[in-house]
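What follows is each chain in one-letter form.
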2 protein chains.
Amino acid sequence: MADTSADVQRTLATSTAPGDEFRALPWPRQREVFFQLPDSVRRSVVEDLTREQLQGFVRRLDPDEATDVLALADEDRQEEILRRLDDDRRERIEFLLEFDPESAAGLMHLDYVTVGSQRSFEEVTERVRRYEDRTDRFPTVFVMEGGRLLGELPGQALATTTGSEAITDYVHDTPTADFDDEQEEVIEVFRANPESSVAVLDREEGEDTVLGVIYAEDLLRVLEKEASRTLYEFTGVTEEESILDGPLSKVRNRYKWLIVNLGTAFLAAAVVGLFEDTIAAFTLLAVYMPVVAGMGGNAGTQSMAVTVRGLAFDQVSLSTGGRAVLNEIIAGAANGAITGLLVAAIATVFNQSPLLGLVLGTSMVLNLVIAGFFGTIIPLLLDRAGTDPATSATIFITTATDVLGFFIFLGLAQVILGI
Amino acid sequence: MADTSADVQRTLATSTAPGDEFRALPWPRQREVFFQLPDSVRRSVVEDLTREQLQGFVRRLDPDEATDVLALADEDRQEEILRRLDDDRRERIEFLLEFDPESAAGLMHLDYVTVGSQRSFEEVTERVRRYEDRTDRFPTVFVMEGGRLLGELPGQALATTTGSEAITDYVHDTPTADFDDEQEEVIEVFRANPESSVAVLDREEGEDTVLGVIYAEDLLRVLEKEASRTLYEFTGVTEEESILDGPLSKVRNRYKWLIVNLGTAFLAAAVVGLFEDTIAAFTLLAVYMPVVAGMGGNAGTQSMAVTVRGLAFDQVSLSTGGRAVLNEIIAGAANGAITGLLVAAIATVFNQSPLLGLVLGTSMVLNLVIAGFFGTIIPLLLDRAGTDPATSATIFITTATDVLGFFIFLGLAQVILGI
């Protein structure tokens, strides 16, 4: 199964006629595959399908999915296809197309009805039945009172009450999101209320308008993408890139980050340059340079990974992070002592230079303390500044560990070895 | 809000009486906070609560959540608390405690009823109503036929049908998982069927037994954890570690990975050692060493991030990956040419050594080709071997880029500069 899906996706990505390949798939598979494809391949499939074919595909999708597909088509085809859909679907899709796909509204669908809090169970059931007849889908029932959203009436209540009670006896609180909230904020809302659907609102003075509803299932695709997003940000690859992209777009997506890194590498090189005479007098230092720098970088990214997760789970912030920073510094000193002793022993035995061992051991401790400090404080600062802490933290952290690491190592060597 | 939650979690993590702090929270917050806490803090809260307090907390949770809490208590308290719960809850929790929390069964809850396919709507509604009276929750209705799961009867059908039809007219296919499937496999199932609940089965010859049901919402916590897991694996931090842990556990969690890295750093150092005479004759090489190695490492982890996501989304595999590897190599060569030209220009201008520039530019191209190749092939190989590709890929990739990078750079220098 894994291989089949990879085969299909690769075929679509490399085909000169991805539309034909896509149409050859049986229907439920089309839907599954399409939403798994990277953005660039989705676009090329949509472009390669004829208007009729695209229309046939869109017709069978839910309106929120159809919206995602049509957003990829050029305006003329979008309009042509919309014109040919039945009124209800057209209106829904046109409505959804107006929102930012990266916002809460981009996650919502429209399977809801709103009813006044004075309605009887019979009236609500009738509304729901009519909705279902028309759309073949069961709506979420939102109850309004005095222009405000009172809450949700669970569909189950309709199935099991006798109907003489007031519907308000059965209304649950509904968590809400504003239509222009970011997707991360919606995830926050679900974290606190995993079992509820979320009402998407347009809040105006004195009056809430329900625009749509988000279920937990609507977040699955977002969260799955999130899982690899962190690693992308960490390595400076742009969000859209996929393994199926051609070399040209790979170069375009990455060269900038590599050039930024080149800049920081030159900073480290400049520090080494300060000690050219020391290295010339004692070449062994050049041999141990990769050890000192590598260990600092590794320890720093460990601290960073832990801090980034802590930020994601609301376990730490800049103002509460003092203890965390201290703990990372202590852990860095301890890990530096462990690895420093090993390195010092090796230098003493192999190079018969206890002084070099002393230099190496001491710089290891100091460099891992630096790694712990910067690996924690930089993500905390970036988070406070409102930036995603995973995106640019690495570059600052490795610059700190490289620049300071080399400076400490070569500086200590100059002093202790007396060169 | 973000700060409040961070405050609470930090207080619980550092308090000497986390039980008291926890009890001071209002009820719905207790539940929210508890499941956001890192494992180590959860455990210390559970240990610090008295038996009565723990029982009070567990009593208000759903059985599947109560199971997660009780799994952290020692056996004596577990039994004491279970003994005091009402029969229905006790049986459910005891049942759930028997399964591996990391498996599909660890995600499931028990709000379902099974009915035979010959039942009438009236009979099913009666079953559901009785279930609801007893538990206050609406069950998923699974329809069985001849010992096999036929599918799910949507709750909505009960609300809107008139009741004269056969229930089988309304049964939907249900995706299924085996109780011992890994959580990743359950995520796969939801990827193909985001709108369904998943039936957890014990499949025996000729007979399926439904053990539980998983909803999309049950996956949210798993997927959220997944998002930071990749970065953890990438940096060699163990899954359980949190920003709130003390320094001792941080050291324990990380020193092994650092020692492994130390080993690979020594490999790189050994390669540099081969060229000690070259460096002694031309110290500038030591200055540029961090540039060459750093760029290779960065480019390699970029390729790796893209490949790891491709594997997660089933877009590539070892057998279909030939094209992907080739694309990464081409992109590596191009990015190597871009950055190599920059470095060569700098060396030519600043160090007035066009030959050094030639060495640097050439090694940059070669090292980024190596980075593209190993950054792609290593995750593909690890995936084929059944290992998580994010965990150990980094170490192989940076070893390759460091060892081969230094070898190429210093080797070329020896040849071209004639030292």
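Residues numbered from 1 in each chain as written. Chains lettered and ligands numbered in written order. Predicted model: local features only at pLDDT ≥ 70, side-chain atom pairs only at ≥ 80, totals over all residues. Heavy atoms only, no water.

Brief notes about the pairing of strand β5 (residues 198-204) of chain B
Residue and element names in this part refer to chain B.
So, point 1. For strand β4 (residues 176-178) and β5, the ladder comprises three bridges, and the chain directions are parallel. By the bridge assignment, Asp178 is partnered in β5 with Leu201.
So, point 2. Between β5 and the antiparallel strand that follows it, strand β6 (residues 207-214), lie two residues; Gly206 among them carries a positive phi value of about 75 degrees. (Pairing = 2+ DSSP bridges. Helix = DSSP H or I, 4+ residues; strand = E, 2+ residues; numbered from the N terminus.)

Details of the pattern of salt bridges
So, point 1. Scanning all chains against the criterion turns up 42 salt bridges over all chains.
So, point 2. Residue A:Arg254 is joined to B:Glu328 by a salt bridge in which the shortest nitrogen-to-oxygen separation is 2.9 Å. Pair noted here: A:Arg254 is in helix α14 (residues 247-274) and B:Glu328 is in helix α17 (residues 322-350), and the two residues belong to different chains.
So, point 3. Exposure remark for B:Glu328: the relative accessible area of 1% places this residue in the buried category. (Salt bridge = Lys/Arg side-chain N within 4 Å of Asp/Glu carboxyl O. Buried < 20%, exposed > 50% of the residue type's maximum accessible area, 1.4 Å probe, protein only.)

Regarding the relation of the copies chain B and chain A
Two chain copies, one operation linking them: a rotation about an axis together with a shift along it.
So, point 1. Expressed as a screw transformation, the operator carrying chain B onto chain A has a rotation angle of 180 degrees and an axial translation of 0.0 Å, and the superposed copies differ by an RMSD of 0.1 Å. This pairing of chains is accounted for by a two-fold axis.
So, point 2. Most of the interface of chain B is mirrored in chain A: 100% of its interface residues are interface residues there too. (Least-squares fit on C-alpha atoms with pLDDT ≥ 70 in both. Contact = heavy atoms within 4.5 Å.)

Points about empty space enclosed by the protein
So, point 1. For the coordinates displayed, the defined rule picks out eight cavities of 30 Å³ or more.
So, point 2. Within this model, the largest cavity holds a volume of roughly 910 Å³.
So, point 3. Lining the largest cavity are 40 residues, and of these A:Gly297, A:Thr398, B:Gly294, B:Gly297 and B:Thr398 lie nearest its centre.
So, point 4. Those elements giving two or more residues to the lining of the largest cavity turn out to be α13 (216-235), α14, α16 (284-312) and α19 (389-416) of chain A together with α13 (216-235), α14 (247-274), α16 (284-312) and α19 (389-416) of chain B.
So, point 5. Residue composition of the lining of the largest cavity, by class: 17 nonpolar, 21 polar and two charged. (1 Å grid on protein atoms, 1.4 Å probe; cavity = no way out; pocket = protein on both sides within 12 Å on 5 of 7 lines; lining within 4 Å. Points joined across faces, edges and corners; volume = space filled by probe spheres on them. Nonpolar A, V, L, I, M, F, W, Y, C, P; charged D, E, K, R; others polar.)

Digging into the interface of chain B and chain A
So, point 1. Contacts between the two partners involve 121 residues from chain B, matched on the other side by 121 residues from chain A.
So, point 2. A buried area of about 10500 Å², summed over both sides, lies between chain B and chain A, and 67% of it is on carbon and sulfur atoms.
So, point 3. In terms of surface lost to chain A, no three residues of chain B exceed B:Ile243, B:Arg309 and B:Gln315, which account for 8% of the buried area on that side.
So, point 4. When the shortest N-O distance is used, the salt bridge between A:Glu328 and B:Lys250 registers 2.8 Å.
So, point 5. At the surface where chain B touches chain A, the tally comes to 17 residue pairs in polar contact (both at pLDDT 80 or more).
So, point 6. Considering every element that reaches the side of chain B that touches chain A, the biggest residue donor is α16(B), with 20 residues.
So, point 7. A class-by-class count of the residues in the side of chain B that touches chain A yields 62 nonpolar, 31 polar and 28 charged. (Buried area = accessible area lost by both parts, 1.4 Å probe. Polar contact = N/O pair within 3.5 Å; in protein donor to acceptor, adjacent residues only side chain to side chain.)

Quick word on the side chain of B:Arg77
Residues and elements named next belong to chain B.
So, point 1. The residue Arg77 is located in helix α7 (residues 75-84) in this model.
So, point 2. Although Arg77 is buried, it makes no salt bridge; Asp74 carries the closest opposite charge, 4.7 Å away.
So, point 3. At 3.1 Å, the side chain of Arg77 and the backbone oxygen of Val46 are in polar contact.
So, point 4. If sequence neighbours within four positions are ignored, Arg77 has contacts with Val46, Glu47, Leu49, Thr50, Arg51 and Leu54. (Lys, Arg positive; Asp, Glu negative; His and termini not counted.)

Let's talk about the packing of aromatic side chains
So, point 1. Overall, the coordinates contain 24 aromatic pairs over all chains when judged by the stated rule.
So, point 2. Between A:Phe22 and A:Phe34, the ring centres sit 5.9 Å apart and the planes meet at 65 degrees, which makes this aromatic pair edge-to-face. With A:Phe22 in helix α2 (residues 18-23) and A:Phe34 in helix α3 (residues 27-34), this residue pair connects regions lying twelve residues apart in the sequence. The same class applies to A:Phe22 and to A:Phe34, which are both buried.
So, point 3. Ring plane angle 55 degrees and centroid distance 6.1 Å describe the contact between A:Tyr112 and A:Phe142, whose orientation is recorded as tilted. With A:Tyr112 in strand β1 (residues 112-116) and A:Phe142 in strand β2 (residues 140-145), this pair connects stretches of sequence that are 30 residues apart.
So, point 4. By way of ring pairs, the aromatic residues A:Phe22, A:Trp27, A:Phe34, A:Phe35 and A:Phe57 are connected into one cluster.
So, point 5. Across from the ring centre of B:Tyr232, 4.0 Å away, lies the NZ or CZ of A:Arg309, which sits over that ring. (Phe/Tyr/Trp six-rings, centres within 6.5 Å; stacked < 30°, edge-to-face > 60°. Lys NZ or Arg CZ within 6 Å of the ring centre and 35° of its normal.)

Brief notes about the sheet that holds β6(B)
Residue and element names in this part refer to chain B.
So, point 1. Pairing in this open sheet of three strands is mixed, and the strands run β4-β5-β6 from one edge to the other. Taken across any chain shown, the strands that pair with only one partner, and hence form the sheet edges, are β4 and β6. Adjacent strand axes in the sheet meet at a mean angle of 40 degrees, parallel and antiparallel pairs treated alike. (Axes fitted to C-alpha atoms, helices over the stretch in contact; angles between N-to-C directions.)

So, the domain arrangement of chain A
All names here are of chain A.
So, point 1. Under the domain assignment, chain A is made up of domain 1 (2-99), domain 2 (107-214) and domain 3 (247-416).
So, point 2. Across the boundary between the two partners, domain 1 contributes seven residues, which contact ten residues of domain 2.
So, point 3. A combined buried area of about 750 Å² lies between domain 1 and domain 2, and 60% of that area is made up of carbon and sulfur atoms.
So, point 4. Broken down residue by residue, the surface that domain 1 buries against domain 2 is led by Arg92, Phe95 and Phe99, which jointly contribute 53%.
So, point 5. Linking domain 1 with domain 2 are three salt bridges.
So, point 6. For Arg92, the salt bridge identified is with Asp111, shortest N-O distance 3.9 Å. (Domains from an automatic or database assignment.)

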